[in-house]
Amino acid sequence: MQNKWSIKLGVAVTFWLFSLHLIPAHTVKSPTALSIKEGTGDHSKGEETQLENEDPEDLEVFRPTDKWQTLKPGHAVPAGSHVRLNLQTGHREVKMGEEEGLKYWSDGNGQGMMNMQGPSYTAEELKEALKKIKEGMDDPVDKKQEEDAVRAQFRPIEELKKDMEALDMLVETDVQVMRKLLNKFNNTNSTTDEKVTALLDLEYLVHQIDNAQNLVSMGGMQLVINALNGTDIRLQESAAFVLGSAVSSNPSVQVEAVEGGALQKLLTLLATQRPLAVKKKVLFAVASLLRHFPFAQSYFLKLGGVQMLGELFQTPGAEALRVRIITVLYDMIIEKELISQVGMDLIPDSSHQERLRQYAEVSLLPVLVEQGWCRLVPELLASPEHDWREKALRTLLAMMAQCHTQYKQNPSLTASLSELQKQYQELVLTEQDVGEQDGYFGEILALVDSMVVKMQQV
Ligand SMILES: *[C@@H]1O[C@H](CO)[C@@H](O)[C@H](O)[C@H]1NC(C)=O
Ligand SMILES: *[C@@H]1O[C@H](CO)[C@@H](O)[C@H](O)[C@H]1NC(C)=O
Ligand SMILES: *[C@@H]1O[C@H](CO)[C@@H](O)[C@H](O)[C@H]1NC(C)=O
């Protein structure tokens, strides 16, 4: 995906010039040591332009490797490097090009030597290449060969300028890219494949908070929400994916999504027959929408969300979703608990009071008891997966106060716990054999032990 935005500059590019191009006023200071051969069309001159830019020490030649690295201002990029814009960080990144070694170039306007490998050539190679350059010139051989060699790594300034213009045109802003994607998605002539691709590309972009907010202001959020109750299953799935990513850790976008009717539509998708892949993405979107958003949680309860999750939990064939369902519930329980704990150490301010008030309205635990979760959650202990069991145990403990009586009256829960206790006691021994004292199995055993102890309490 990122490669799509990468730009191959098979030539030398200096970053400072790029900066100069973008913010001309800031960069003019003292003369720099860097010279660029100005292509004059006259080989006999080989003019050099002393560019006023930065202190000599400021300009480092960046040494690309085969990995992408972030460019810093003042870095010069050797020839043959690839430069791209990292959409997630907004930084430019560079890595070594495919071609290697020194290349001598000459065209109608100028000539020079490009170092295709970063400046890791030998002195002998340098001299050879320099000789070739000098042979094309009438000028006497310059004494400062080394300096020239460095200069020769860079292209004539006219060419550089052209590259920069091309780069500017190629690097679209995220907003421009999103506009195109939305147009593609919103166009009745686009095929379903094209629309799905547009949504997946959007999903990538909306991880950035600004992009998610732009999605809202561009009208894209509503398009995505509308696709949730559209006719195509694949679009429902991708739309839920975009929505979930856009609202993740993004309160203002969470509000927009709920106001746009996203929660009802997601719950409808959960309650009706849909392929597992769709339900997975829908659960992801529901979880992201509810996280740290008590208003949405209350609304979720009002819309019967817990009951829908319960039905899905018990649907044959949907076992793979069980741990995700439990996670949504567990996260809500714990979030509310943590908020009230934080309140104890803090000097209460008005916004905290407001949060407490909002969470107080989320009355999840009584609903869980009423809808049979004291009995449903223990079923997850039968899973062979350690992390599923762990999640089940944590949730069981979180519901202990409300479910205590029901747990005690559940013989299969008692049996599962003593079976697990044995299993994890053995696993802890194997962990200790390899020198691990606080291992994962030990953690699970502690949860099992805690369950056993608390169930025995009156
Ligand atoms: C869809 O295609 C038709 C025929 O190719 C064209 O006339 C129409 O303008 C297109 N609609 C959009 C929204 O691009
Ligand atoms: C989607 O297309 C319709 C017309 O087909 C247009 O009215 C609407 O503004 C478009 N929405 C967005 C967000 O581009
Ligand atoms: C989707 O829901 C909206 C209301 O939220 C409704 O206007 C629209 O007709 C529905 N679309 C489909 C295809 O059912």
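Here is a short report on the structure shown in this document. Positions within a chain are numbered from 1, following the residues in the order the chain's sequence is written. Written order decides the labels, with chains lettered from A and ligands numbered from 1. Since the coordinates come from a predicted model, pLDDT governs what is reported: local features require at least 70, and pairs of side-chain atoms require 80 or more to be given and counted, while whole-chain, interface and lining totals use all residues. Water and hydrogen atoms were dropped before computing side-chain values, which therefore reflect all heavy atoms in the structure.

1. Focus on unusual backbone geometry
Quick note on the threshold: By definition, any uninterrupted DSSP run of H or I lasting at least four residues is a helix, any uninterrupted run of E lasting at least two residues is a strand, and each is numbered from the N terminus. Exposure categories follow from relative accessible area, calculated using a 1.4 Å probe and restricted to protein chains: below 20% of the type maximum is buried, above 50% is exposed, and the middle band is partly exposed.
Of note, the phi angle at Ser249 is positive, near 50°, even though the residue is not glycine. Note on placement: Ser249 falls in the loop between α10 (233-247) and α11 (251-259). Accessibility expressed as a relative area gives 67% for Ser249, which makes it exposed. Positive phi, normally seen in glycine, also occurs at His292, with a value near 55°.

2. So, the pattern of salt bridges
Stated precisely, the cut-off is as follows: Definition used for salt bridges: Asp or Glu carboxyl oxygen within 4 Å of a side-chain nitrogen of Lys or Arg.
All told, the structure shown has 7 salt bridges when counted by the stated rule. Between Glu379 and Arg322 there is a salt bridge, and its shortest N-O distance comes to 3.2 Å. Linking Glu379 in the loop between α19 (373-376) and α20 (386-398) with Arg322 in helix α16 (residues 322-345), this pair joins segments that are 57 residues apart in sequence. Bridged by salt links that share partners, the residues Glu354, Arg357 and Glu361 form one connected network.

3. Here we look at the packing of α10 against helix α13 (residues 276-290)
Worth spelling out the cut-off: In this analysis an axis means a line fitted to C-alpha atoms, helices contributing only their contacting stretch, and an angle means the value between N-to-C directions, from 0 to 180 degrees. Should an angle fall under 35 degrees it is called roughly parallel, over 145 degrees roughly antiparallel, and 65 to 115 degrees roughly perpendicular, with every other angle called oblique. In this scheme the crossing of two helices becomes right-handed for a clockwise turn of the near helix relative to the far one and left-handed for an anticlockwise turn of less than a right angle. Residue contacts are counted whenever heavy atoms from the two residues lie within 4.5 Å of one another. Gly counts as polar in this scheme, as do all residues outside two lists: the nonpolar Ala, Val, Leu, Ile, Met, Phe, Trp, Tyr, Cys and Pro, and the charged Asp, Glu, Lys and Arg.
Where α10 meets α13, the axes come as close as 8 Å, and the angle between the chain directions of the two elements is 25°. Classified by the interaxial angle, the pair formed by α10 and α13 is roughly parallel. Note that α10 runs across α13; the crossing there is left-handed. Seen from α10, the contacting residues are Ile233, Gln236, Glu237, Ala240, Phe241, Leu243, Gly244, Ser245 and Val247; seen from α13, they are Ala277, Val278, Lys281, Val282, Phe284, Ala285, Ser288 and Leu289. Of the residues assigned to the contact of α10 with α13, the class counts are 11 nonpolar, 4 polar and 2 charged.

4. Concerning the state of the cysteines
Condition: Put simply, a disulfide is two cysteine sulfurs that come within 2.5 Å.
Going through the model one piece at a time under the given rule, you end up with 1 disulfide. The side chain of Cys374 participates in a disulfide bridge whose partner is Cys403; the two sulfur atoms lie 2.0 Å from each other. Taking the sign of the S-S torsion, about -70° here, the bridge from Cys374 to Cys403 comes out left-handed. Taken together, the residues span a long stretch of sequence, with Cys374 in helix α19 and Cys403 in helix α21 (residues 400-408) at a distance of 29 residues. The residues Cys374 and Cys403 share a single accessibility class, namely buried.

5. Description of the side chain of Ser288
What counts here: As used in this structure description, the phrase polar contact means that two N or O atoms lie within 3.5 Å; if the pair is within protein, one of them must be able to donate a hydrogen and the other to accept it, and residues adjacent in sequence are counted only when both atoms belong to side chains.
By the secondary structure assignment, Ser288 is in helix α13. Separated by 2.9 Å, the side chain of Ser288 and the backbone oxygen of Phe284 make a polar contact. Apart from residues lying up to four places away in sequence, Ser288 is in contact with Gly244, Val247, Ser248 and Gln254.

6. Focus on the packing of aromatic side chains
The condition that has to hold: Pairing of aromatic rings covers Phe, Tyr and Trp, the last counted by its six-membered ring, and requires centre-to-centre distances within 6.5 Å; plane angles under 30 degrees mean stacked, over 60 mean edge-to-face, and any other angle means tilted. Each ring is checked for a lysine NZ or an arginine CZ that lies within 6 Å of its centre and within 35 degrees of its normal; such an atom marks a charge sitting over the ring.
Overall, the coordinates contain 5 aromatic pairs when judged by the stated rule. Consider the rings of Tyr440 and Phe441, whose centres lie 6.3 Å apart with planes at 40°: the pair is tilted. For Phe441, a relative accessible area of 18% translates into the label buried. In this structure, Lys281 is placed above the aromatic ring of Phe241, and the distance from its NZ or CZ to the ring centre is 4.8 Å. The residue whose ring lies beneath Arg322 is Phe313, and the NZ or CZ to ring-centre distance is 4.3 Å.

7. Digging into α13
Short version of the rule: Take the number of residues in a helix, subtract one, and multiply by 1.5 Å to get its expected span.
Relative to the 21 Å expected for 15 residues at 1.5 Å per residue, α13 spans 21 Å between its end C-alpha atoms, a close match to the ideal helical length. For α13, every residue scored as buried is listed here: Val278, Lys279, Val282, Leu283, Ala285, Val286, Ala287, Ser288, Leu289 and Leu290. Directly beyond the C-terminal end of α13, a positive phi value near 55° is found at His292.

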